Amino acid sequence: MARKGSINMEIGNDGVALITMLNPPVNALTLSAIEELKRYYQEAIDCDNVKAIVLSGADGRFCGGLDISVVENVHKHGDISLLPDASVGLVINKIENGKKPSVAAIQGFALGGGLELAMGCSARIATPKSDLGLPELKLGVIPGCGGTQRLPRLVGTSKAVDMLMSSKTITSEEGKELGLIDAIVSSEELLTVARCWALDIVEGRQPNCNSLQKTDKLGPQDESLEILKSARQRYTVPHYRACLDVIEEGIISGGYSGVLKEDKVFKELVLSNTAKGLLHVFLAERATSKVPGVTDIGLKPRRIEKVAVVGGGLMGSGIATALIISNISVVLKEINHEYILKAVKSVEANLQGFVTRGKLNQDKMKKTLSLLKGTLDYEELKDVDMVIEAVNEDVSLKQSIFEDIEKNCTSECIFASNTSTISLDVIGKRTSSQDRILGIHLFSPAHLMPLVEIVRTEKTSPQVIVDVIKFTKILKKVPIIVKNCTGFAVNRSFFPYMQGPDLLANLGVDIFRIDRVITEFGMRLGPFQLQDLTGYGIFLAGVKEFVAAFPDRAFQSPLVQLMVENGREGKKNGSKPEADHSVIQIVEESMRLTNIAPGGKPISVTDEEILEMIFFPVVNEACRVIEEGIVVRASDIDIASVHGFKFPSETGGVMFWADAIGSEYIYSKLKSWHEAYGDFFKPSTFLEQRAAKGLPLGGSC
Ligand SMILES: C[C@@H](O)CC(=O)SCCNC(=O)CCNC(=O)[C@H](O)C(C)(C)COP(=O)(O)OP(=O)(O)OC[C@H]1O[C@@H](n2cnc3c(N)ncnc32)[C@H](O)[C@@H]1OP(=O)(O)O
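All values reported here derive from a predicted model rather than from experimental measurement. (Residues numbered from 1 in each chain as written. Predicted model: local features only at pLDDT ≥ 70, side-chain atom pairs only at ≥ 80, totals over all residues. Heavy atoms only, no water.)

### Re the packing of helix α5 (residues 147-155) against helix α11 (residues 255-269)
Between α5 and α11, the least distance of the axes is 8 Å, while the angle of their chain directions is 140°. In contact with G147, T148, Q149 and R153 of α5, α11 contributes G255, G258, V259 and E262. In terms of residue class, the contact of α5 with α11 is made up of 1 nonpolar, 5 polar and 2 charged. (Axes fitted to C-alpha atoms, helices over the stretch in contact; angles between N-to-C directions. Helix = DSSP H or I, 4+ residues; strand = E, 2+ residues; numbered from the N terminus. Contact = heavy atoms within 4.5 Å. Nonpolar A, V, L, I, M, F, W, Y, C, P; charged D, E, K, R; others polar.)

In structure tokens, the structure reads:
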């Protein structure tokens, strides 16, 4: 839905026109806002009382860039003429060459088109720790308001390439060091300093910077071209390459020529499937925490400041790390001192990883670690706001832990389990606190993986769900709110991904070819490489759980068991990353045992059919997850696939990808494979019904 942004202008007695962008929550630039900006700039330029202009944002933030709804609308109509003329019409003609100098007063963040407006100004004043960046490549496009030209001219080619390719932001402090920001002042002083700075430019006391004309930061042309050449070797995704080409155009032919090429390339990319997929992911990610009847009934989240983690193993120590890095105090409950020490060492190692990656300094690491305390005594849990149980998947152990925490914690304390397999109703069976029991299913490594499944039972109270959604946002996680079922949303939808490849292998399809097809599609690892890496034990446990829950459609392959019996434990056993063709004889043994290949001969399939035979069953199971109401909306599964299984984000996620193919086609293929190879491919009712009506499987956010 198009948001109506608005722009205000006030002309002060000092002769400065203060133009303010106002479009909560991020002052994004709608079409009307851009037209209003042009009009106010022209009015200020024409007004004799105005000497200079200050551009600011309302509510403590500058601007989050072009309003996503503008791009959505272009996608909806397939019409790039619906894009605004902001790059030349506003930034160059009104801001940069508008005869009266502009100063940007930045606070909070200036991102995408927001930073581009600011770079068109003669100077930039910012408050401390403001975020500055051009994240357009994360949306499948490139900057469209001159960012590819002005950023290199303000911070240098190398830094500009890093910022653009990574879509990462820098702080105003780093921007000051680089020359992107001219001064850093408090929010109280921001507008005053910006006004004075603008008047100083008029009086010649401050330089009037036209960043598009600047060349000193670019350095020698051959050096810049060399930087771009080496970047091309690292970044091969088409729109990344296109961005580098646009920067190069400006370096060779001048900033204005670069702006014109940027505008052309931006408009070519905006309608690409990648742009559509990544925009869908952006919106779907923000939709996951909206739960009808829960988050829209006026409940305010309660603060969760102190958390107990019961169990300090791989998951428990990862969860404890995620908590203390988010400045939440943790009491880690274990059963003996040895386990506590082991858990603390794991947490230290996790934090050291952040230090190694430059995300934490040693001093901050010490302070963070001081938030962690070990205990053997449930007494120490008496004042925690939440308990996260993270012990082994042992029902009785979990039930007794929940009994103990109910005895020792406050009546408001939230009881969560990190279980990935056991029903929360069963875990909380020996308590009378079902309204404050839910699952918080994080994915290992818990301190790094962004996804978390919040598993609600029929009895979990809306208040507790609202509390935990807010809590996961503080951890900088992406929550998906799901209902109880085997595998919840992520593992349930991707169970077929654990079986389909084996089924194809038993049909005689070469397993190394399968891995190649799947990695060429965009998965980081092929399914057999993944089995090898994660270890066959975890794989067997996962399949066992799915077979027990859904025997009607599980494909039981002896292949992995045979691998284990032949002493092939995968990477855990030190297997090498390159293909080891000696496993072929084990695959042939499995083929003989299952005897599903017609006439005992390998089937003939194309690469495309391999991809479809592996991912259409995933789509099919996801349809059942949707139909059973396990997720709030279909696009939640897109986020589950992208963040839980690294399904290529530029596809938009597994359901968005499926809809690009079409429900009828998917249904027809599954139906034919069902007839040929059995119930593993049996189309779900949801899919059959949607296909019959020619309806999409996913749906907008
Ligand atoms: C001209 C060209 O260069 C093209 C561009 O400018 S493309 C746009 C470039 N800008 C971005 O990519 C910024 C995207 N937004 C963010 O990174 C973040 O939203 C934020 C850092 C601005 C704020 O983060 P946070 O405080 O965590 O808030 P949320 O991300 O949850 O967002 C809050 C709501 O604001 C909506 N929103 C965010 N950005 C935009 C936008 N550019 N246009 C329209 N709406 C935006 C977001 O969808 C949330 O909405 P909700 O209804 O509350 O879910």
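### Quick look at the site of the ligand
Around the ligand, a shell composed of 23 residues is seen, among which I68, E116, E136, R286 and K290 lie nearest. At 2.8 Å, a side-chain N or O of R286 approaches an oxygen atom of the ligand. When isolated, the ligand has an accessible area of 980 Å², and the protein chains bury 73% of it. For the shell around the ligand, the per-class residue count stands at 12 nonpolar, 5 polar and 6 charged. (Near = heavy atom within 4 Å. Polar contact = N/O pair within 3.5 Å; in protein donor to acceptor, adjacent residues only side chain to side chain. Areas by Shrake-Rupley, 256 points an atom, 1.4 Å probe, with all protein chains shown as cover.)

### Digging into the layout of surface pockets
Its volume calculated, the second largest pocket comes out at about 1800 Å³. Considering the residues around the second largest pocket, the lining is formed by 47 residues, among which M315, S420, S444, N491 and I538 are closest to the centre. For the lining of the second largest pocket, the secondary-structure elements that each account for two or more residues are α13 (314-324), α16 (395-408), β15 (437-442), α19 (490-506), α21 (527-534), α22 (536-549) and α26 (634-645). (1 Å grid on protein atoms, 1.4 Å probe; cavity = no way out; pocket = protein on both sides within 12 Å on 5 of 7 lines; lining within 4 Å. Points joined across faces, edges and corners; volume = space filled by probe spheres on them.)

### Some remarks on empty space enclosed by the protein
Within the structure shown, the criterion is met by 1 cavity of 30 Å³ or more. Roughly 50 Å³ of internal volume is contained in the largest cavity. Looking at the largest cavity, the residues that line it are P496, F546, R553, P617, N620, E621, R624 and F680. No other element matches the 4 residues that helix α25 (residues 607-627) contributes to the lining of the largest cavity.

### Quick look at the nonpolar core
Ranked by internal contacts, the top residues of the largest apolar core, which has 99 residues, are L381, V387 and F615. It is α25 that provides the largest number of residues to this core, a total of 12 residues. In this structure, F615 is in contact with F494, Y497, I518, F521, M523, F647 and W657, ignoring residues within four places of it in sequence. Ranked by size, the runner-up nonpolar core spans 69 residues in total, among them A17, L132, C243 and V265. (Core = buried A, V, L, I, M, F, W, Y, C linked by side-chain atoms within 4.5 Å. Buried < 20%, exposed > 50% of the residue type's maximum accessible area, 1.4 Å probe, protein only.)

### Digging into the confidence of the model for the protein
Detailed conclusions should not be drawn from predicted coordinates in areas where pLDDT is low. Looking at the protein, pLDDT values average 94 and 98% of them are 70 or higher. Scored as a whole, the predicted complex attains pTM 0.94, and scored at its interfaces, ipTM 0.97. (pLDDT = per-residue confidence, 0-100.)

### Focus on unusual backbone geometry
Residue P25 is reached from P24 by a cis peptide bond, and omega for that bond is 10°. The topology assignment puts P25 in the loop between β2 (16-22) and α1 (31-46). Between S444 and the following residue, P445, the backbone shows a cis peptide bond with an omega angle of -5°. The topology assignment puts P445 in the loop between β15 and β16 (451-456). Of note in this structure, N327 is not a glycine but carries a positive phi near 70°. Secondary-structure assignment places N327 in the loop between α13 and β11 (329-333). A relative accessible area of 56% places N327 in the exposed class. Within the chain, K646 stands out as a residue other than glycine whose phi angle is a positive 55°.

### Digging into the sheet that holds β2
Sheet strands line up and pair through hydrogen bonds in the backbone, either parallel or antiparallel. Pairing within the open sheet is mixed, and its 6 strands lie in the order β1-β2-β3-β4-β6-β9. Strands at the two margins of the open sheet, each flanked by one partner only, are β1 (6-11) and β9 (183-184). Pairing analysis gives 6 bridges linking β1 to β2, with the strands arranged antiparallel. Residue pairing in the sheet places I7 in a bridge with M21 of β2. (Pairing = 2+ DSSP bridges.)

### Brief notes about the UniProt feature "domain: 3-hydroxyacyl-CoA dehydrogenase NAD binding" (unreviewed entry) in the protein
Following the UniProt record, the feature "domain: 3-hydroxyacyl-CoA dehydrogenase NAD binding" (unreviewed entry) maps to residues 306-485 here. Helix makes up 39% of residues 306-485 and strand 22%. Its end C-alpha atoms lie 29 Å apart. (UniProt positions renumbered as here; feature names shortened; annotations may be inferred.)

### A short note on the side chain of R124
Topologically, R124 is positioned in strand β6 (residues 123-126). In this structure, R124 is buried with no salt-bridge partner, the nearest side chain bearing the opposite charge being D182 at 4.0 Å. Here the side chain of R124 touches L180 through a polar contact of 2.7 Å, landing on its backbone oxygen. Excluding anything up to four places from it in sequence, R124 contacts A104, I106, A118, M119, L154, L180, I181, D182, A183 and C209. (Lys, Arg positive; Asp, Glu negative; His and termini not counted. Salt bridge = Lys/Arg side-chain N within 4 Å of Asp/Glu carboxyl O.)

### Considering the pattern of salt bridges
Tallied over the full model, the rule gives 33 salt bridges. The residue E174 makes a salt bridge to K159 at a minimum N-O spacing of 2.9 Å. In this pair, E174 is assigned in helix α7 (residues 172-178) and K159 in helix α6 (residues 157-166), connecting sequence segments 15 residues apart. With relative accessibility at 28%, the residue E174 sits in the partly exposed group. For K159, a relative accessible area of 23% puts it in the partly exposed group. Here K264 makes a salt bridge to E268, at a shortest N to O gap of 2.8 Å. Separated by 4 residues within a single helix, K264 and E268 lie in helix α11, roughly one turn from each other. Put simply, R492, D552, R553, E621, R624 and E628 are held in one network by salt bridges that share partners.

### Considerations on the packing of aromatic side chains
One pass over the structure, following the stated rule, counts 19 aromatic pairs. Seen in terms of ring centroids, F494 and Y497 are 6.1 Å apart; in terms of plane orientation they differ by 75°. Their pairing is edge-to-face. Of this pair, F494 and Y497 both sit in helix α19, 3 residues apart, which is roughly one turn of the helix. Judged by centre distance (6.0 Å) and plane angle (35°), the rings of F616 and W673 are tilted. Taken together, the residues span a long stretch of sequence, with F616 in helix α25 and W673 in helix α28 (residues 663-677) at a distance of 57 residues. W673 sits in the buried class, given a relative accessible area of 7%. One cation-aromatic arrangement involves R286 over F282; the distance from NZ or CZ to the ring centre is 3.6 Å. (Phe/Tyr/Trp six-rings, centres within 6.5 Å; stacked < 30°, edge-to-face > 60°. Lys NZ or Arg CZ within 6 Å of the ring centre and 35° of its normal.)

### What about the sheet that holds β15?
Here 8 strands make up an open sheet; going across it, the order is β12-β11-β10-β13-β14-β15-β16-β17 and the pairing mixed. Across the chains shown, the open sheet's two edge strands, defined by having one partner strand only, are β12 (372-375) and β17 (478-483). Across the sheet, the mean angle separating the axes of adjacent strands is 25° when strand polarity is ignored.

### Let's talk about the environment of G140
With respect to the element layout, G140 can be found in the loop between β7 (131-133) and α5. Separated by 248 residues in sequence, G140 and I388 place their C-alpha atoms 37 Å apart.

### Overview of helix α8 (residues 190-202)
Taking 1.5 Å of rise per residue, 13 residues should cover 18 Å, and α8 covers 19 Å from first to last C-alpha, within 8% of that figure. Regarding α8, the residues found buried are L190, A194, R195, W197, A198, L199, D200 and I201. The elements touched by buried residues of α8 are β2, β3 (52-57), β4 (102-106), β6 and β9. (Expected span 1.5 Å × (residues − 1).)

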